[in-house]
Amino acid sequence: MEPQKLIFTAQPGEALTREIERIAPDNLFVLCDTHTRALSLPLVAESLPPSTRYIDIEAGDTHKTLEALAHVWDELSRHGASRKSLLVNLGGGMVTDLGGFAAACFKRGIRFINMPTTLLGAVDAAVGGKTGVNFNGLKNEIGAFRPADTVIISTRFFHTLPHEELLSGYAEMLKHALIDSPDSYRALLDFDLATPDWDRLLRLLEESVQVKQRIVAQDPLETGIRKALNLGHTVGHAFESLSHRRGTPIPHGYAVAWGLVCELLLSHHYLQFPSDLITGLAQYIYRHYGAFAITCKDYETLYELMTHDKKNEAGHINFTLLQAIGHPVIDQHADKEEIFVAFDLYRDLFKL
């Protein structure tokens, strides 16, 4: 798998122009959702040639479906896309996931550029080559590994984001810092998200994305160390799925933030991760993200949801845990009873 070209810039339009000229496609397509068409496209519209074709899909993860995927393929086909065409995915993780999968499959693969317009998309979905759509109520159940030719990352797109969206992406940055180094972790805890310094956030984001890039380069197909990037996600995805069942969906990053606390509690039990660091993180998470309310009546449902995780092997729920900050341990299993104890401790820490 070719490494992705990453561009971090305050001038996304200029960067896009250079990449289009470098790739020299026969046809250019831009995929937007209804939000990014209105809010993000104007930032780069002047950098696009008049012949550009635009493909629109509905916003929101509930629209990351086979039907939306077929719509993209239909638009590419109707307007003469060839294997030398280029698709620019302008949007959050939903757009880059779906658009990347569409490009990976169309005519057995066309080139694509990801331009993430959310912090979560920039730090997570747009980088690393995972693409896909939801299926049968499960997130990203169908997909492929295919990195974008280029990822253009700019904090200019984030100025219009609701604070909740910034927090959602920041949780993934916290995850990267926890698996990277104490210095990275402290730098993120000290950053003021309430009044962001956008230039500094771009630098922090570059450091965070490069953590993921280094890991993906070692293990592009997630057979080994790339599993470290799943810290917080086994429990987090279960929280997220439960919220959808309840009809009150929570942002992905919030679910990961709460999942980090639960999985660090498991890390303390199995690997002696320091309890004072768990308490500090829990206080930070509670202050910024609040709490996802669960009771003991939810434990069996959450456990059942975790059994569907794609990382599982031989009937075991597979976790990435931490021995210390910067020292992830992959392919860890936890007893059902200990998972339930972690839920108990989570509820105590979050005053539930």
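Structural data are supplied above this passage.
Note that the structure is a prediction, hence the values are computed from the model and not measured.

### Considerations on the pairing of strand β2 (residues 28–33)
Now for step 1: Counted residue by residue, β2 has six buried out of six residues, so it is predominantly covered.
Now for step 2: With burial as the criterion, each face of β2 is covered, one bearing L28, V30 and C32 and the other bearing F29, L31 and D33.
Now for step 3: Both β2 and strand β4 (residues 86–91) contribute to a ladder of five bridges, which runs parallel. In the strand pairing of β4, L31 is matched with N89.
Now for step 4: Relative to strand β3 (residues 53–57), β2 runs parallel, the two being bridged by five bridges. When the sheet's bridge partners are listed, D33 is paired in β3 with I57.
Now for step 5: Following the backbone out of β2, through helix α2 (residues 34–39) and into the adjacent parallel β3, one traces a crossover that is right-handed.

### Observations regarding the sheet that holds strand β5 (residues 111–116)
Now for step 1: The strand order across the open sheet formed by six strands is β1-β8-β5-β4-β2-β3, and the pairing between neighbours is parallel. Sheet topology places β1 (5–8) and β3 at the edges, where each strand pairs with a single neighbour. Each strand of the sheet is rotated relative to its neighbour by a mean of 20°, with strand direction disregarded.
Now for step 2: Across two bridges, the pairing between β5 and strand β8 (residues 150–153) is parallel. The partner of I113 across the bridge, within β8, is T150.
Now for step 3: Contacts from helix α3 (residues 66–78) reach β2 and β3 within the one sheet, and its direction differs from that of β3 by about 165°.
Now for step 4: Against the sheet, helix α8 (residues 198–218) engages β1 and β8, with an angle of about 170° to β1.

### Comments concerning the nonpolar core
Now for step 1: Residues Y170, F239, W258, I285, Y289, F343 and Y346 are the most contacted members of the largest nonpolar core, which totals 115 residues.
Now for step 2: Counting residues per element, this core draws most heavily on helix α10 (residues 252–271), at 12 residues.
Now for step 3: The residues contacting I285, other than those within four sequence positions of it, are L174, A257, W258, V261, G290 and F350.

### A closer look at the environment of Y346
Now for step 1: Within the secondary structure, Y346 sits in helix α13 (residues 336–349).
Now for step 2: Judged by relative accessible area, which is 0%, Y346 ranks as buried.
Now for step 3: Taking the C-alpha atoms as reference, Y346 lies 7.0 Å from V261; in sequence the two are 85 residues apart.
Now for step 4: Ignoring any residue separated from it by four or fewer positions in sequence, one finds Y346 in contact with F239, W258, V261, C262, L265, A291, F292, I294 and L352.

### Overview of the packing of helix α12 (residues 299–306) against α13
Now for step 1: Between α12 and α13, whose axes approach to 11 Å, the crossing angle comes to 120°. Comparing their axes, α13 and α12 come out oblique. Crossing handedness for the pair α12 and α13: right-handed. Residue-level inspection shows Y299, E300, L302, Y303 and M306 of α12 in contact with α13, the latter providing K336, I339, F340, F343, D344 and R347.

### Quick notes on the environment of E313
Now for step 1: Looking at the element boundaries, E313 is found in the loop between α12 and β9 (318–324).
Now for step 2: By relative accessible area, E313 is classed as partly exposed at 40%.
Now for step 3: For the pair E313 and H333, spaced 20 residues apart in sequence, the C-alpha separation works out to 9.8 Å.

### Here's the deal with the packing of α3 against helix α4 (residues 93–105)
Now for step 1: Contact geometry of α3 with α4 gives a least axis separation of 10 Å together with a crossing angle of 55°. Of the possible angle classes, the one that applies to α3 and α4 is oblique. In this structure, α3 meets α4 at a crossing whose hand is right-handed. Taking contact as the criterion, the partners of A68, L69, V72 and W73 in α3 are, on α4, L98, F101, A102 and C105.

### Observations concerning the side chain of E263
Now for step 1: Residue placement: E263 occurs in helix α10.
Now for step 2: For E263, a relative accessible area of 0% gives the class buried.
Now for step 3: Apart from the residues within four sequence positions on either side, E263 is in contact with N230, L231, G232, H233, T234, V235, G236, F319, T320 and L321.

### Describing α10
Now for step 1: Between its first and last C-alpha, α10 extends 27 Å over 20 residues, near the 28 Å set by a 1.5 Å rise per residue.
Now for step 2: Burial runs high along α10: 17 of the 20 residues are buried.
Now for step 3: Residue Q272 follows α10 closely and has a positive phi angle near 60°.

Criteria and thresholds
One numbering rule holds for all chains: residues counted from 1, following each sequence as written. Given that the model is predicted, a residue must reach a pLDDT of at least 70 before its local features are reported, and side-chain atom pairs must reach 80 or more before they are shown or counted; all residues, however, enter totals for whole chains, interfaces and linings. The side-chain quantities take in all heavy atoms of the structure and omit both hydrogens and water. Remark: exposure states derive from per-residue accessible area (1.4 Å probe, protein chains only) relative to the maximum for the residue type, with buried under 20%, exposed over 50%, and partly exposed in between. By definition, any uninterrupted DSSP run of H or I lasting at least four residues is a helix, any uninterrupted run of E lasting at least two residues is a strand, and each is numbered from the N terminus. Criterion used throughout: strands pair if DSSP finds at least two bridges between them. Note on handedness: a crossover is taken as right-handed if, strands pointing away from the viewer, the path from the first strand over the helix to the second is clockwise. Lines fitted to the C-alpha atoms define the axes, with helices restricted to the stretch that makes contact. Angles between their N-to-C directions range from 0 to 180 degrees. Should any heavy atoms of two residues lie within 4.5 Å, those residues are counted as being in contact. Remark: nonpolar core denotes a set of buried residues (Ala, Val, Leu, Ile, Met, Phe, Trp, Tyr, Cys) joined through side-chain atoms within 4.5 Å. Orientation is classified from the angle alone, with under 35 degrees giving roughly parallel, over 145 giving roughly antiparallel, 65 to 115 giving roughly perpendicular, and any other angle giving oblique. Handedness of each helix crossing follows the sense of rotation of the near helix against the far helix: counterclockwise by less than a right angle gives left-handed, clockwise gives right-handed. Residue count minus one, scaled by 1.5 Å, sets the expected span of a helix.

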